[in-house]
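These are the residues of each chain, in order.
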Amino acid sequence: MAGSLAELAAPGGPLERLVTTGLRAAGTGGVWSVGDADGVRGRGRCGVLGQGPYGARPMGHDTLFDLASVTKIIALWPCAGALWQAGRLPLDRPLHDYWPSAEGRPVGVVTARQLLTHTAGMPLRTRFAELYGDDPAAIRAGVLAAPLHRPPGVAVEYTDRAAVLLGHLVESLAGAPLDELAARQTWRPLGMTDTRYGPLGPGPAERTAPTEDEPSAGGPLCGVVHDPSARLLGGVSGNAGAFSTARDLERFLTALLAPPAGSAGSAPPWGEPWTAESLRVQTGGLAPARGLSWLCAAGTDPAEGTFVHYGFTGTGIWVSRRRGRWALLLTNKVHYDRDFQPLTALRNAFRRAVFG
């Protein structure tokens, strides 16, 4: 059973020892934070930004990380929630009922809830360059036209195509690009001043953790999205592309437990009703259990309500409304290698320590 956050997160305490040892075993640096509805209760950092010239720069809570699939939570999920709360994104009507782009397409029978829970039956791999080339419009058309992998609603199968399609839908319904929507509806209201889609300028890139080597870039990607599908879509996509800091994500996660008032004194457009709807099991008896965009944390009973989302680059965020806690652990593991087992072990131990 997890102890009090103050005890766990004290300087030199259990979490600091656990994460420092775990990051060294995983062969990467990183930062971590834990908190509740009142904000940060503890944080720490370990290691440097990377290899070579990055080795002289320590990790910090202002280090920018390529969030990879955590983009689905901090960009796409709140934008979908704002449309839902405005009555413009029905979760259980087929897409062809209200989105002209889906009429006559295989995905027309899919619902937004199925996209959010990864039960839409869409193909599991993106393969965008191979199938559609490098034109963003052709890629979006290809995603709309692709036959379903299986009937919707019968299996939980994580696929980036669901988030790409949902991002396209959100942009269509809202009449604005996803990066503009996310900044207007989430990042600016919460004071997330470092959070943005790439590519980043030279200033922010100086404090950005690099990811993998890319031959066309002449070295590791830094400030350019690692995910190849998001890169083909210009860096702005529902599945990946956002960069953020621990400092900004602390604000975001705190808001899930204590939604702040907006500038006019009202809740943000993606507020409490959407959060409550999302952080409960939405997949019935299917496994793995998921909420809306969020995944029930591995090793926990879904009834406990501990939710997580990971990013392939090495990022992760957790929240539990029942325990009133949140946590984050940000690394750039792929900069070093793709042996994720040590990082997986650390993530699981971190979750057990914070949430039980």
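Residues numbered from 1 in each chain as written. Predicted model: local features only at pLDDT ≥ 70, side-chain atom pairs only at ≥ 80, totals over all residues. Heavy atoms only, no water.

A look at the packing of helix α3 (residues 71-85) against helix α11 (residues 246-257)
With their axes 12 Å apart at the nearest point, α3 and α11 run at an angle of 45° to one another. In terms of orientation, α3 and α11 fall into the oblique class. In this structure, α3 crosses over α11, and the sense of that crossing is left-handed. Here Ile73, Ile74, Trp77 and Pro78 of α3 come into contact with α11, specifically with Leu249, Phe252 and Leu256. The residue makeup of the contact of α3 with α11, split by class, is seven nonpolar, no polar and no charged. (Axes fitted to C-alpha atoms, helices over the stretch in contact; angles between N-to-C directions. Helix = DSSP H or I, 4+ residues; strand = E, 2+ residues; numbered from the N terminus. Parallel < 35°, antiparallel > 145°, perpendicular 65-115°, else oblique. Left-handed = near helix turned anticlockwise from the far one by under 90°. Contact = heavy atoms within 4.5 Å. Nonpolar A, V, L, I, M, F, W, Y, C, P; charged D, E, K, R; others polar.)

Some remarks on the pairing of strand β9 (residues 306-311)
The buried fraction of β9 is high, at five of six residues. One ladder, built from two bridges, connects strand β8 (residues 295-296) with β9; its direction is antiparallel. From the neighbouring strand, Leu295 faces β9, where its bridge partner is Val308. Both β9 and strand β10 (residues 315-320) contribute to a ladder of six bridges, which runs antiparallel. Among the inter-strand pairings, Val308 is bridged to a residue of β10, identified as Trp318. Taking the residues that link successive antiparallel strands as the turn, the β9-β10 hairpin has three residues, and the phi of Gly314 there is positive, at about 130°. (Buried < 20%, exposed > 50% of the residue type's maximum accessible area, 1.4 Å probe, protein only. Pairing = 2+ DSSP bridges.)

Description of the pattern of salt bridges
Applying the stated criterion across every chain yields a total of 18 salt bridges. Where Glu250 meets Arg43, a salt bridge forms, and the shortest distance between an N and an O atom there is 2.5 Å. Of the two residues, Glu250 sits in helix α11 while Arg43 sits in strand β2 (residues 39-46), which places them 207 residues apart along the sequence. The class for Glu250 is buried, based on a relative accessible area of 4%. In this structure Arg43 comes out as partly exposed when scored by relative accessible area, which is 42%. (Salt bridge = Lys/Arg side-chain N within 4 Å of Asp/Glu carboxyl O.)

Here's the deal with the packing of aromatic side chains
This model, assessed by the stated rule, comprises eleven aromatic pairs. Summarising the aromatic geometry, the rings of Trp187 and Tyr197 are spaced 6.0 Å apart at their centres and angled 45° between planes, so their arrangement reads as tilted. Linking Trp187 in helix α8 (residues 178-187) with Tyr197 in strand β4 (residues 196-197), this pair joins segments that are ten residues apart in sequence. With relative accessibility at 3%, the residue Trp187 sits in the buried group. Classification of Tyr197 by relative accessible area gives buried; the value is 7%. (Phe/Tyr/Trp six-rings, centres within 6.5 Å; stacked < 30°, edge-to-face > 60°.)

Here's the deal with α11
Helix length check: α11 (twelve residues) gives 17 Å between terminal C-alpha atoms against 16 Å at 1.5 Å per residue, within 8%. α11 sits mainly inside the fold: ten of its twelve residues count as buried. Here α11 has its buried residues at Ala246, Asp248, Leu249, Glu250, Phe252, Leu253, Thr254, Ala255, Leu256 and Leu257. (Expected span 1.5 Å × (residues − 1).)

Notes on the packing of helix α2 (residues 14-26) against helix α13 (residues 341-355)
Helices that pack against each other are described as a pair by the angle of their axes relative to one another and the distance between those axes. Closest axis-to-axis distance for the α2/α13 pair is 8 Å, and the angle between their directions is 170°. Judged by the angle between their axes, α2 and α13 are roughly antiparallel. Together, Leu15, Leu18, Val19, Gly22, Leu23, Ala25 and Ala26 of α2 and Pro342, Leu343, Leu346, Ala349, Phe350, Ala353 and Val354 of α13 make up the contact between the two elements. Split by residue class, the contact of α2 with α13 holds 13 nonpolar, one polar and no charged.

What to know about the confidence of the model for the chain
When pLDDT is averaged along the chain, the result is 95; 97% of the residues meet or exceed 70. Low pLDDT (under 50) marks residues 262-266, which in the prediction has three contacts with non-local residues, meaning those over four places away or in another chain. (pLDDT = per-residue confidence, 0-100.)

Description of the side chain of His335
Mapped onto the elements, His335 comes out in the loop between β11 (325-331) and α13. In this structure the side chain of His335 is engaged in a polar contact, spanning 2.9 Å, whose partner is the backbone nitrogen of Gln51. Looking at His335, its side chain comes within polar contact range of the main-chain oxygen of Thr211, at 2.9 Å. Beyond its immediate chain neighbours, meaning those up to four positions away, His335 contacts Leu49, Gly50, Gln51, Pro210, Thr211, Glu212 and Pro220. (Polar contact = N/O pair within 3.5 Å; in protein donor to acceptor, adjacent residues only side chain to side chain.)

Description of the nonpolar core
Counting residues in each nonpolar core, the largest one holds 74 residues, and the members touching the most others are Ile74, Leu115, Leu165, Val170, Phe252 and Trp294. Of all elements in the fold, only α3, α4 (112-116), α6 (136-145), α7 (160-174), α8, α11, β10 and β11 reach the threshold of two or more residues within this core. When sequence neighbours within four positions are dropped, the list of residues in contact with Phe252 reads Ile73, Ile74, Trp77, Pro78, Thr186, Leu190, Met192 and Trp270. Leu8, Val34, Ala297 and Leu329 belong to the second-largest nonpolar core, a separate cluster that totals 23 residues. (Core = buried A, V, L, I, M, F, W, Y, C linked by side-chain atoms within 4.5 Å.)

Comments concerning the sheet that holds β8
Pairing in this open sheet of six strands is antiparallel, and the strands run β2-β1-β11-β10-β9-β8 from one edge to the other. The open sheet is flanked by β2 and β8, the only strands paired with a single partner. Sheet strands touched by α2: β1 (30-36), β2 and β11. Its angle to β1, the strand with the most contacts, is close to 150°.

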